[in-house]
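Chain by chain, the residues:
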Amino acid sequence: LRSKELIIGLLKLLVPEESAEVQDEAAFALANIARDFANKSEIRKLGGIKLLVKLLDASDPDVKKNSAFALSNLLEDCSNRAEIRFENGLIPLLENLASEHIEIQEYCLKSLIRCTEDPNNRAEVRKMNGVRRIIDLLNQEPAELHHLTLQCLTNCLQDSRSVFHDMGGISTLVKLLQIDDNRTKQWAAHATFAAARNEKNQVYFRDSGALPVLANMLNCVEPGVISAAAKAVANITHDAINQTELNKLGIVDTLVRLLGHDDTSVCRESVFALSSLSVNAAIRAEMVKFGALTHLMNALTKSDAKILSCISYTIRRFTDNQSLLAEEEHIKHLTNLVKSDDVNVCQNAAYALSAAVRLDLSAKYWLRNCLDGGNCIERTFYDLGSALGTSRDDSWARKLSFPSLSDLSQRAIDKKREILLVDCVSDAKLNELLQRAGDLITSNPTLRSQTKQLIRQIAQIVSDAMGGAIESSERLADFPYKFNITDLKIKLNSNVIPIGLVTHGTFYHRALLFKVVCDYLRVGPVTLVRGDYGRAWNVLDVRKNVFFCHGPMPSRTNSLKQTRSEGSFGGRSSSKCDNASTQQAGTGSNPGNQSSAKGKGKSVAEDLSVGGGVIAGMTEMSGELPDKQLMVDLMFDPGALLPTEGPAARQYLSVP
């Protein structure tokens, strides 16, 4: 039946000059041959859609019916959906929803369902007051078309934020959620999900009694109904009051139970609903009580990418339950997901894993490739490169766990990237450098209020320690840092290199050392970011003048205790500087009246142990910097400040 001559012949029979019987039979024939996809395109090209649209206004009901039938088959082709809009076919389809013939209504609904899968058609239908026409049809008999009507309504609400409470839409949907027909209930829940994108509709659904109805639907036997109800709950619970009310109805326990459902869609939508509810701290506690976190972790073995991505995203919020998050099996699952080919799964798993180990800065930098200004390096820290860039043939990679410093120290020397160690207890060179940096401020207190000069001085100290400035990016290849690293590996018989021993360092050596020095001096917030090709850099957050040189350097009264364990993720490093950079200026005492924090004969390690990084007082630095984030040049012009979005920053990080 793929005959152009046949299609042309049938189209000629649709003209007004032909009788209604001939038009009826011709439209019916076109409807059947339009089941073939190649014919759909050919009929459009020969003007068939235009002729069929005209017949929607025919006086004969059979002609209308079969014309709508033919259009419903033709509209499976996306190009035909645009064509019917150009031929003004949406209006007669909507008008025929009021037909007294159920078959005409059915085929017009099927046509509109396919039409409204096109966003431009949805917009046109809304302009034509089509949503009200659809709602009116829902309030009429026969009920056997309600599932199609609801499907059409769901499409129309997809990208709309309209409030249709005044049209009676909310109350109609709540009524249909409660009927016995599962197919109708399912599509009513889908429409509720779409409508609940609007914040006001979320309130109207609550006022109309939808919450207990949806909670009850989660106990249905039919998987499609459960899945649709959970999907609706996920959107409705964006409203805080709805979260509380649904929690009172015991929905958390129900959703947790549904995580183990055999149907993948039920499990997926239950995860999304729990994710929405987990924004509320009180409900998170309730979720833990019902074992939600354990069930979520166990569900990480599923193969559905959307489930894995959403679970990983949700787990991030449970940072108060780190002991549970950090259980070995859970860590293995999350670490495995970090290597997923799905970008969303990989990213969210990395965030979840970093939440589980958020106080272990070494693990966080391994996973996230970033330490923000609140993550102060104050205890033993080691950088072994990026988790995603790690060779998979390493024994620790096969075990899917973050290697301890002890494990890394026992590995035979290899040609891979060195592990940089920050440890003031054993690294005398680093200790000496930090004391020299401390002397810089104590001997020149005015530097505290001279941001650019202070940063340049610190950058110069770092640059000098790492072999000095390099003339230009073209000379990078001549910089002998690899020889220095290889020599240190051989001398130490280890891949672990104390950073203080590195005398020729490139981007990632200098950026790490700059972060360590600034954290020691309480200058910040300073962010450490890792890029590709051995690049790493520091960003100073000077937006809204939020840049501080903190109050007095810590006193040296306590000694550093080595607290790192030898487990999969090592010990935890304090990050209590989180709020320091956002405190109000003037809360500390005048730095000019503060006594020197430098104690004779004491190690820098003792400085770093005091107060776990809590800053007692600080002084706001001068607002001489532009209102943006700046990158620090540590390679070519040490201390130069480069706008992160500017060409100079891009040139700094470019690979020759």
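Computed from a prediction, not measured in an experiment: that's the story for all the values here.

Colleague: Just checking my understanding: could you explain the overall build of the protein for this structure?
Modeller: A tally of helices and strands in the protein yields 34 helices and eleven strands. The proportion of buried residues among the 656 residues of the protein is 54%. As displayed, the protein offers around 28200 Å² of accessible surface, 48% of which is attributable to carbon and sulfur atoms.

Colleague: Would you mind showing me how to read the pattern of salt bridges here?
Modeller: Should their charged atoms come close, side chains of opposite charge can pair. Going through the model one piece at a time under the given rule, you end up with 21 salt bridges. For arginine 126, the salt bridge goes to aspartate 159, with nearest N and O atoms at 3.1 Å. Linking arginine 126 in helix H9 (residues 119-127) with aspartate 159 in the loop between helix H11 (146-156) and helix H12 (169-176), this pair joins segments that are 33 residues apart in sequence. Here aspartate 383 makes a salt bridge to arginine 530, at a shortest N to O gap of 2.9 Å. Of the two residues, aspartate 383 is situated in strand E2 (residues 381-383) and arginine 530 in strand E6 (residues 526-530); the sequence distance between them amounts to 147 residues. Taken individually, aspartate 383 and arginine 530 each receive the classification buried, so the pair is uniform in this respect.

Colleague: When you look at the sheet that holds strand E1 (residues 370-371) in this model, what are you seeing that I'm missing?
Modeller: Backbone hydrogen bonds are what pair the strands of a sheet, in a parallel or an antiparallel way. Strand order across the open sheet formed by five strands is E1-E6-E7-E10-E11, with antiparallel pairing between neighbours. Edge strands, defined here as strands with exactly one partner in the open sheet, are E1 and strand E11 (641-643). As paired strands, E1 and E6 are joined by two bridges and run antiparallel to one another. Residue pairing for E6: cysteine 370 is matched across the bridge by valine 529.

Colleague: Is there a simple way to think about the nonpolar core in this case?
Modeller: Here is a general trend for soluble globular proteins: nonpolar side chains tend to be buried in one another's company. With 126 residues, the main nonpolar core has Leu153, Phe164, Phe205 and Leu255 as its most contacted residues. Tallying contributions element by element places helix H16 (residues 223-236) first for this core, with nine residues. Filtering out sequence-adjacent residues up to four positions away, leucine 153 remains in contact with Val131, Ile134, Ile135, Leu138, Phe164, Leu173 and Ala191. By size, the runner-up hydrophobic cluster in this structure holds 57 residues, among which are Leu430, Ala437, Ile470 and Ile485.

Calculation criteria
- Residues numbered from 1 in each chain as written.
- Predicted model: local features only at pLDDT ≥ 70, side-chain atom pairs only at ≥ 80, totals over all residues.
- Heavy atoms only, no water.
- Helix = DSSP H or I, 4+ residues; strand = E, 2+ residues; numbered from the N terminus.
- Buried < 20%, exposed > 50% of the residue type's maximum accessible area, 1.4 Å probe, protein only.
- Areas by Shrake-Rupley, 256 points an atom, 1.4 Å probe, with all protein chains shown as cover.
- Salt bridge = Lys/Arg side-chain N within 4 Å of Asp/Glu carboxyl O.
- Pairing = 2+ DSSP bridges.
- Core = buried A, V, L, I, M, F, W, Y, C linked by side-chain atoms within 4.5 Å.
- Contact = heavy atoms within 4.5 Å.

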